[in-house]
Amino acid sequence: MFAAFYFPHKHSSSSWKFVICRSLANSSYGIKRKSPLQNLHLVSRSIHHPYYPSTKFQRPPLRISIQQYSSLNRLPLHKTKLLNAKHGYQSHRNFWLARLASRLLKVRYLILGSAVGGGYTAKKTYEQWKDMIPDLDDYKWIVPDFVWDLDELVDIEKLLKALPDADDLAKLMPDFDKIGESLASLKGFLSPGYNLVSEVIGASDLLLLLGSPGETAFRATDQGYDNDKQFKKVSDKEKIDQLQEELLRTQLKYQRMLERLEKENKELRKLVLQRDDKGIHQRKLKKSLIDMYSEVLDILSDYDASYNTQDHLPRVVVVGDQSAGKTSVLEMIAQARIFPRGSGEMMTRSPVKVTLSEGPHHVALFKDSSREFDLTKEEDLAALRNEIEIRMRNSVKEGCTVSTETISLSVKGPGLQRMVLVDLPGVISTVTSGMAPDTKETIFSISKAYMQNPNAIILCIQDGSVDAERSIVTDLVSQMDPQGKRTIFVLTKVDLAEKNVASPNRIQQIIEGKLFPMKALGYFAVVTGKGNSSESIESIKEYEEEFFQNSKLLKTSMLKAHQVTTKNLSLAVSDCFWKMVRESVEQQADAFKATRFNLETEWKNNYPRLRELDRNELFEKAKNEILDEVISLTQVTPKHWEEMLEKTLWERVSTHVIENIYLPAAQTANSGTFNTTVDIKLKQWTDKQLPNKAVEVAWETLQEEFSRFMTERRGKEHDDIFDKLKQAVKEETIKRHKWNERAEDSLRVIQHNALEDRSISDKQQWDAAIHFMEETLQSRLKDTESVIEDMVGPNWKKRWLHWVGRTKEQSIRNETKNELEKLIKCNEDHPAYLANDEVTTVRKNLEARGVAVDPCLIKDTWHQIYRRYFLKSALNHCNLCRRGFYYYQRHFVDSELECNDIVLFWRIQRMLAITANTLRQQLTNTEVRRLEKNVKEVLEDFAEDNEKKVKLLTGKRVQLAEDLKKVREIQEKLEAFIEALHQEK
């Protein structure tokens, strides 16, 4: 560069000036060159040159002087001045070359010094970095040994020779010239689409110029109205009409195009979802997102908010006056006639939560059912409407008209907007006959409970065919959302309103939010049919589109295009819903997180050694304990069963045996008559009463043992929280269990055979029968003594020791007892009954001593006195018969001793033993298993009945565990939903 400035021979000053300037001008140092504009794209040329035509632009030649920045800029480039020698001046030498060299040397030294310093600094920095790097030799063990031996194992030169040459690789590259030709042909193919986009852009400019539906804001403001007014003032009326006609034609044209494209998109989307449904693709984010959110709402609907946890998650709440068209609007959004319909009567009797989501098939299903209703078939639609009506009626309690219980329904189909809507009962102004008196207040409370959620979108439905002054719901909505930040107003039956309303401006005032005392986020006008319940959704949509195409309200700009049709309403509601979800769901997740922390802390403080078992888990634990206790019945020993059965059965039949069999037979004169009487009475007893009594005793014994196992406390493992449930299971099981009816017939035969046997085989059995008879008679004697003591009062010993006396009646009975005892002493073989003359004699004897006695009192006292006398005599007879087994074997021949009563009690004892054994076998082999089966059925029924579980498993501990589980589940599902929401975003 600098060589151009050195000249070995002399030149004039002008010459070297020119040379220097030309060399500087031709140099590219310090100047950025631009690429030729002809090689740039059309759009790129327009961006580079916004002030010149893009096709014919030619850059003007550069006319500015270019001066390179250099140390030469400071050199004097003017002509050298020479002193005139003729006038005595010396010639002044100009050493410009030396000055130039000195300056260049200074620049060189600067560059050299900078290079040396920079090199030293770089070397020092390199040494520091080198010291900081660890020695990698210590980590060679990480790399396998065969890697270090690769150069020995693999011949790199052979591999390089095997690779193809550069020419061979160039043949494999694509032909870029052909690709350019293909792109040129593709440009011609895409030119119609480009023209279409140009037309759409031009139409959009026209729509924006006229203030048309290109606007995306919902709120109808006064500013747009004033702008239209001003536009009318400055424009000619005819031009406005022409522009409006042109605008409508353009709107209709592109509306048809959009509908055609949407229809094609819907079909394509349906195919994609069908492929996804078969598992070809795993893209289910949009489909599952609304389902995840709906699951959270379902859990919240069952959540008992006893810990001040409020549900502020968004949902679309549909409210309106009765018969305002709420259900019809919801059906148009769901694109199916899914709700029961009625003319003028209340059909929505409970809140219905409808979750709309995309799916390959148009189906509906309930939360608690697996049945899918095909919404394209009329039979399934009718079945779905009937099922909803049945569920509504079942949810309404007796004496009420509406219910607060929510029915959860999911509707899936191609093209549906994803959202969650809740259809509420219609607001009424008067309670009619047949309704509960509090129906109006209940509907208001239900509506307020849903609308007071600060994140709920309120879809306010107003009937356009009635006077606005008759509206009730608008006042209610204005109270819940006075600023209108989450309210969307929908005017239904606009076709009837246009016919009936005298002033169309009234409809415009409603849509612009100037008539009702409420504010809204958006205003919409829809038509949901002609009032015929058999109309299909497609026919309603066609009628709605046809109406708005020909409506004067739209032609005269009273309504804007984006404010009509249920399709635009559905899109707007879905956008608002998801916007509210994204804004509030994280805050709600944090609230549930805080609630979870509070509940966990409360559990740790109150129940530190117990697991957190909710109601279902506690029920499963109680179920296992109950089944274990039922199984324990099979572990009862046969001896224990038989002892219990025999003892209980004798307690039941002993009175009958003593009073109706033994005592009457003992009054006979000889042994033959005694045995005959006993056989007859035993046969009658066996045929009529004994088998039934035995079965009752067996069933009661089984109940007692079952109850004992169910209520028995098992030390520290016993949990009082299960007592109520076990009691209910026990009662229900006993109620359902029925003894086998055939067992009674077989038992009768066994008992009859046992009682007919009179042969006592050995002395041990004889002694056992005597012992059994003595125990029985002694217990009866003891009872009789107690009855007599109550009749006559305390004896002299108790009167003196306890200072008690006799009543007048007891004194009379005591005198009667003494007189009757004298009668028995006179005749020890006296029969069991008093004769009339004997009664008269006793009465007269008592009257002689000044005691007035009634004959009935004498007979009653005689019964107990004779009973005691007979029992004592029978016990004395037992003692005599202890040595009578020898005479029994000889059939009491040549003996005055008769022990037929011992034989009777042996027969009774043997019958009891055989009956107990038979019943024990039936219990262990049949009835215990049937009882276990009944217990399982009862537990299964209780498991399906949530109300029963809530009633039987109660208490603070259960409620706390239940709430803790719910809050955890809600928080987890909310976090999963938020994560999916972020992924979709």
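Residues numbered from 1 in each chain as written. Predicted model: local features only at pLDDT ≥ 70, side-chain atom pairs only at ≥ 80, totals over all residues. Heavy atoms only, no water.

If you check an unreviewed UniProt entry, the protein chain appears there as Dynamin-like GTPase OPA1, mitochondrial from Ficedula albicollis. In its Catalytic activity (unreviewed entry) section, UniProt records this for the protein chain: "GTP + H2O = GDP + phosphate + H(+)". (UniProt positions renumbered as here; feature names shortened; annotations may be inferred.)

Caption draft 1: Summary view of the overall build of the protein chain. Along the protein chain, the regular secondary structure elements total 35 helices and nine strands. A total of 985 residues make up the protein chain; the buried ones form 38% of that total. (Helix = DSSP H or I, 4+ residues; strand = E, 2+ residues; numbered from the N terminus. Buried < 20%, exposed > 50% of the residue type's maximum accessible area, 1.4 Å probe, protein only.)

Caption draft 2: Looking closely at the packing of helix 27 (residues 763–792) against helix 29 (residues 808–826). At a closest axis distance of 7 Å, the pairing of helix 27 and helix 29 adopts a crossing angle of 125°. What the angle tells us is that helix 27 and helix 29 run oblique. For the pair helix 27 and helix 29, contact is made by Ile788, Asp790, Met791 and Val792 and by Gln810, Arg813, Asn814 and Lys817, respectively. Along the lines of polarity and charge, the residues of the contact of helix 27 with helix 29 split into three nonpolar, two polar and three charged. (Axes fitted to C-alpha atoms, helices over the stretch in contact; angles between N-to-C directions. Parallel < 35°, antiparallel > 145°, perpendicular 65-115°, else oblique. Contact = heavy atoms within 4.5 Å. Nonpolar A, V, L, I, M, F, W, Y, C, P; charged D, E, K, R; others polar.)

Caption draft 3: Summary view of the pattern of salt bridges. In this structure the tally under the stated criterion is 43 salt bridges. Among the salt bridges present, the one from Arg652 reaches Glu700, with a minimum N-O distance of 2.2 Å. Taken together, the positions of Arg652 in helix 22 (residues 638–666) and Glu700 in helix 24 (residues 690–711) put the pair 48 residues apart, joining distant regions of the chain. Residue class for Glu700 comes out partly exposed when judged on its relative accessible area of 27%. A salt bridge links Arg930 to Glu927; the nearest nitrogen and oxygen atoms lie 2.7 Å apart. Remark: Glu927 and Arg930 occur in helix 33 (residues 900–944); sequence separation between them is three residues, near one turn of the helix. Arg930 gets classed as partly exposed once you look at its relative accessible area, which sits at 30%. The structure contains a network of salt bridges with shared partners spanning Glu785, Lys817, Glu821, Arg868 and Lys872. (Salt bridge = Lys/Arg side-chain N within 4 Å of Asp/Glu carboxyl O.)

Caption draft 4: Inspection of the confidence of the model for the protein chain at higher detail. When pLDDT is averaged along the protein chain, the result is 76; 71% of the residues meet or exceed 70. Segment residues 279–287: pLDDT under 50, and 17 contacts once partners within four positions in sequence are set aside and those in other chains are kept. Counting contacts from residues 304–308, a segment whose pLDDT is below 50, to residues more than four positions away or on other chains yields eight contacts. (pLDDT = per-residue confidence, 0-100.)

Caption draft 5: A look at the nonpolar core. The biggest cluster of nonpolar side chains holds 101 residues, and the ones touching the most others in it are Tyr662, Trp685, Leu702, Val729, Trp766, Ile902 and Ile908. Looking at this core, the element that brings in the most residues is helix 33, giving 17 residues. Ignoring sequence-local partners within four residues, the contact set of Trp685 consists of Val653, His656, Val657, Ile661, Leu690, Pro691, Ile908 and Met911. Listed in part, the 67 residues of the second largest apolar core include Leu330, Leu384, Val490 and Phe524. (Core = buried A, V, L, I, M, F, W, Y, C linked by side-chain atoms within 4.5 Å.)

Caption draft 6: Fine view of the packing of aromatic side chains. On inspection of all chains with the given rule, the structure shows 18 aromatic pairs. Geometrically, the ring pair formed by Phe772 and Phe905 is edge-to-face, given 5.9 Å between the ring centres and 70° between the ring planes. Placement of the pair is Phe772 in helix 27 and Phe905 in helix 33, with a sequence separation of 133 residues. As far as the burial class goes, Phe772 and Phe905 line up, both buried. Grouped by ring-pair contacts, the aromatic residues Trp650, Tyr662, Phe772, Phe870 and Phe905 constitute a single cluster. Between Arg391 and the ring centre of Phe366, over which it is positioned, the NZ or CZ distance is 4.0 Å. The side chain of Lys949 reaches across the aromatic face of Phe619, ending 5.7 Å from its centre. (Phe/Tyr/Trp six-rings, centres within 6.5 Å; stacked < 30°, edge-to-face > 60°. Lys NZ or Arg CZ within 6 Å of the ring centre and 35° of its normal.)

Caption draft 7: Representation of unusual backbone geometry. Even without being glycine, Ser323 reaches a positive phi, approximately 65°. Here Ser323 is to be found in the loop between strand 1 (316–320) and helix 12 (326–334). For Ser323, a relative accessible area of 44% translates into the label partly exposed. Its identity as a non-glycine residue notwithstanding, Lys493 has a phi of 55°, on the positive side.

Caption draft 8: Here's a closer look at the state of the cysteines. Counted by the stated rule, this structure contains one disulfide. One disulfide in the model links Cys881 with Cys899; its S-S distance is 2.1 Å. With the S-S dihedral at roughly -100°, the linkage between Cys881 and Cys899 falls on the left-handed side. Of the two residues, Cys881 sits in the loop between helix 31 (855–880) and helix 32 (885–889) while Cys899 sits in the loop between helix 32 and helix 33, which places them 18 residues apart along the sequence. Residue classification places Cys881 among the buried positions, given a relative accessible area of 0%. Sulfur of Cys878: no disulfide; nearest cysteine sulfur belongs to Cys881 and is 6.7 Å away. (Disulfide = S-S within 2.5 Å.)

Caption draft 9: Fine view of helix 22. Counted at 1.5 Å a residue, the expected span for helix 22 with its 29 residues is 42 Å, but the 36 Å between its end C-alpha atoms falls short. Of all the bends in helix 22, the greatest, near 45°, is centred on Val653. (Expected span 1.5 Å × (residues − 1). Bend = angle between axes of the 7 residues up to and from the residue.)

Caption draft 10: Seen up close, the pairing of strand 3 (residues 363–366). The alternating pattern of strand 3 places Val363 and Leu365 and Ala364 and Phe366 on opposite faces, both of which are buried. Of the pairings in the sheet, the one linking strand 3 to strand 4 (residues 373–374) comprises two bridges and is antiparallel in character. What sits directly across from Val363, in strand 4, is Asp374. If you look at the hairpin formed by strand 3 and strand 4, you'll find six residues sitting between the two strands. (Pairing = 2+ DSSP bridges.)

Caption draft 11: Inspection of the pairing of strand 2 (residues 352–357) at higher detail. Most of strand 2 sits out of view: six of its six residues are buried. Along strand 2, one buried face is formed by Val352, Val354 and Leu356 and the opposite face, lined by Lys353, Thr355 and Ser357, is buried too. Sheet analysis places strand 2 next to strand 5 (residues 407–412), joined by six bridges and oriented parallel. Bridged to Val352 within strand 5 is Ile407.

Caption draft 12: How the structure looks around the side chain of Thr355. Assignment of secondary structure puts Thr355 in strand 2. Here Thr355 falls in the buried class, since its relative accessible area comes to 1%. Reaching out from Thr355, the side chain makes a polar contact with the side chain of Lys353 at a distance of 3.3 Å. For Thr355, the residues in contact, after removing those within four places along its chain, are Ile290, Ser294, Leu409, Ser410, Val411, Met419 and Val420. (Polar contact = N/O pair within 3.5 Å; in protein donor to acceptor, adjacent residues only side chain to side chain.)

Caption draft 13: Quick look at the sheet that holds strand 8 (residues 487–492). Strands sit in the order 4-3-5-2-6-1-7-8-9 across an open sheet of nine strands; the sheet is mixed. This sheet does not close on itself; its edge strands, each paired only once, are strand 4 and strand 9 (522–525). Against the sheet, helix 15 (residues 473–480) touches strand 1, strand 7 (457–463) and strand 8, its axis set at about 160° to strand 7.

Caption draft 14: Inspection of helix 31 at higher detail. Over its 26 residues, helix 31 runs 37 Å from end to end, which matches the ideal 38 Å to within 8%, given 1.5 Å per residue. You can read the cap of helix 31 off the contacts: a side-chain oxygen lies 3.1 Å from the backbone nitrogen of Cys856, and it is on Asp854.

Caption draft 15: A look at the environment of Val967. Secondary-structure assignment places Val967 in helix 35 (residues 956–984). On a C-alpha basis, the gap between Val967 and Phe592 in space is 6.4 Å, while along the polypeptide they are 375 residues apart.

Caption draft 16: Geometry of the side chain of Lys353. Along the chain, Lys353 falls in strand 2. Of the residues examined, Lys353 reaches a relative accessible area of 6% and is grouped as buried. One polar contact links Lys353 to Ser408, side chain to side chain, over a distance of 3.4 Å.

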